[in-house]
Amino acid sequence: MSYSSIPTRGRTLDYAAGVYDILEPWVMFGFQEKINRQVIDHLEIEPDHRILDVGCGTGVVTRMISEKLSPEKGGVAIGIDAAGKMIQGAVEKRQGPACTFRTAAAEALPFENDSFDSVVSTLFFHHIQMDLKIRAFAEAFRVLKPGGRLVISDMHVPETFLGALIAHASRWLLFQPQIGENIRGVLPDLIQEAGFTYPRLVKTYLGYITLFVSKKPVGLTS
Ligand SMILES: C[S@@+](CC[C@H](N)C(=O)[O-])C[C@H]1O[C@@H](n2cnc3c(N)ncnc32)[C@H](O)[C@@H]1O
């Protein structure tokens, strides 16, 4: 089955879907699995949780999350991506009883208010422009239950010479000004401005990828 891509001004990766799983571990210098495991630890998953993975790509993180869920208890991990070919790869390789995928844009999520226990996103926000970042965080806030967690790992202000080199080279070689926004450090304030608690900056990997943990305050419904 083929999936149509969703129109968005974000940088989608239909063209890279076939090689993404091979290239990504190299691009991440083998750190991808370690980062993903720590992201998942910070979700504090319970077997009955509903968890949304925004900009899921080929669904590696979505699938890892689903292995901690119980479909019998209603637990499910749902990955969304605007690129049809990414979702096709995710469905073919990783769909399972507690793991589903669909095409959707992060800035217009097709889900009810207050319907997820956690929202997670890895290496996605540097693919979308400032206005879409604002809309995507607003959408994450809307679909998250009060008290629910937002866990993000993404490009942020570089902390080492190597991190700065990789981050600035990516911004210019990929012609991706959205990366420039991330490395100027816009994410924490955008997260807070969407209504979340100011994010805790847990750890930085490779000198330029930061793990943020935040919450939708209890008592705030959408
Ligand atoms: C670098 S990949 C990250 C994939 C995965 N989360 C991971 O950690 O490997 C970024 C993904 O964002 C998707 N994307 C770009 N703009 C989007 C949008 N507006 N809404 C949803 N997905 C989008 C791309 O198609 C791509 O699959």
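Residues numbered from 1 in each chain as written. Predicted model: local features only at pLDDT ≥ 70, side-chain atom pairs only at ≥ 80, totals over all residues. Heavy atoms only, no water.

- With an unreviewed UniProt entry as reference, the chain is termed Putative phosphoethanolamine N-methyltransferase, source organism Desulfotignum phosphitoxidans DSM 13687.

Remarks on the site of the ligand
Then step 1. Around the ligand sit 22 residues, and of these Tyr-20, Gly-55, Asp-81, Glu-107 and Thr-122 come closest.
Then step 2. Between a nitrogen atom of the ligand and a side-chain N or O atom of Glu-107, the distance comes to 2.9 Å.
Then step 3. Between the ligand and Thr-122, the relevant distance is 2.6 Å, taken from an oxygen atom to a side-chain nitrogen or oxygen of the residue.
Then step 4. Within the complex, the protein chains bury 97% of what would otherwise be the 600 Å² of accessible surface of the ligand.
Then step 5. When its residues are assigned to classes, the shell around the ligand shows 12 nonpolar, 7 polar and 3 charged. (Near = heavy atom within 4 Å. Polar contact = N/O pair within 3.5 Å; in protein donor to acceptor, adjacent residues only side chain to side chain. Areas by Shrake-Rupley, 256 points an atom, 1.4 Å probe, with all protein chains shown as cover. Nonpolar A, V, L, I, M, F, W, Y, C, P; charged D, E, K, R; others polar.)

Thoughts on the pairing of strand β7 (residues 209-215)
Then step 1. Counting buried residues in β7 gives 6 out of 7 residues, a clear majority hidden from the surface.
Then step 2. Bridge count between strand β5 (residues 144-155) and β7: 7 bridges; the pairing is antiparallel. Within β7, the position partnered with Ile-152 by the bridge is Phe-212.
Then step 3. Taken together, the 5 bridges between strand β6 (residues 200-205) and β7 define a ladder with antiparallel strand orientation. Residue Lys-203 lies in a different strand from β7, and its bridge partner there is Leu-211.
Then step 4. Linking β6 to β7, which pair antiparallel, is a turn of 3 residues; within it Leu-206 sits at a positive phi near 55°. (Buried < 20%, exposed > 50% of the residue type's maximum accessible area, 1.4 Å probe, protein only. Helix = DSSP H or I, 4+ residues; strand = E, 2+ residues; numbered from the N terminus. Pairing = 2+ DSSP bridges.)

Quick notes on the nonpolar core
Then step 1. Leu-52 and Phe-137 are the most contacted members of the largest nonpolar core, which has 30 residues in total.
Then step 2. A per-element tally of this core places helix α5 (residues 130-143) first, with 6 residues.
Then step 3. Among all residues touching Phe-137, those that are not within four sequence positions of it are Phe-125, Leu-150, Ile-152, Leu-187, Leu-190, Ile-191, Ala-194 and Phe-196. (Core = buried A, V, L, I, M, F, W, Y, C linked by side-chain atoms within 4.5 Å. Contact = heavy atoms within 4.5 Å.)

Details of helix α6 (residues 161-173)
Then step 1. Over its 13 residues, α6 runs 18 Å from end to end, which matches the ideal 18 Å to within 8%, given 1.5 Å per residue.
Then step 2. Listed in full, the buried residues belonging to α6 are Gly-163, Ile-166, Ala-167, Ser-170 and Arg-171. Here the buried residues of α6 occupy an arc of 130° about the axis, which is enough to place them on one side. Residues of α6 that are exposed and point over 90 degrees away from its buried face: Phe-161, Leu-162, Trp-172 and Leu-173.
Then step 3. Close packing links the buried residues of α6 with β5 and α7 (177-183).
Then step 4. With its phi angle positive at about 50°, Phe-175 sits one or two positions after the end of α6. (Expected span 1.5 Å × (residues − 1). Arc of directions from axis to C-beta.)

Things to note about the environment of Val-151
Then step 1. Here Val-151 shows up in strand β5.
Then step 2. On the basis of relative accessible area, Val-151 is assigned to the buried category, the value being 0%.
Then step 3. Along the backbone, Val-151 and Ser-70 are 81 residues apart, and their C-alpha atoms lie at a distance of 21 Å.
Then step 4. Discounting residues that sit within four places of it in the chain, Val-151 has contacts with Val-39, His-42, Leu-43, Val-119, Val-120, Ser-121, Leu-211, Phe-212 and Val-213.

Quick look at the side chain of Ser-214
Then step 1. Mapped onto the elements, Ser-214 comes out in strand β7.
Then step 2. By relative accessible area, Ser-214 is classed as buried at 3%.
Then step 3. In this structure the side chain of Ser-214 is engaged in a polar contact, spanning 2.5 Å, whose partner is the backbone oxygen of Thr-197.
Then step 4. Once residues within four sequence positions are removed from consideration, Ser-214 is found in contact with Gly-148, Arg-149, Leu-150, Ile-191, Phe-196, Thr-197, Tyr-198 and Pro-199.

Some points on the UniProt feature "domain: Methyltransferase" (unreviewed entry) in the chain
Then step 1. Under the UniProt annotation, "domain: Methyltransferase" (unreviewed entry) lies at residues 51-148.
Then step 2. Between the first and last C-alpha atoms of residues 51-148 the distance is 10 Å; the span itself is 33% helix and 28% strand. (UniProt positions renumbered as here; feature names shortened; annotations may be inferred.)

Describing α5
Then step 1. For α5, spanning 14 residues, the distance from its first C-alpha to its last is 20 Å, which sits close to the expected 20 Å at 1.5 Å a residue.
Then step 2. Buried residues of α5: Leu-132, Lys-133, Ala-136, Phe-137, Glu-139, Ala-140, Phe-141, Arg-142 and Val-143, and no others.
Then step 3. Next to the buried residues of α5 lie β1 (50-54), β4 (116-122), β5, α7 and α8 (187-193).

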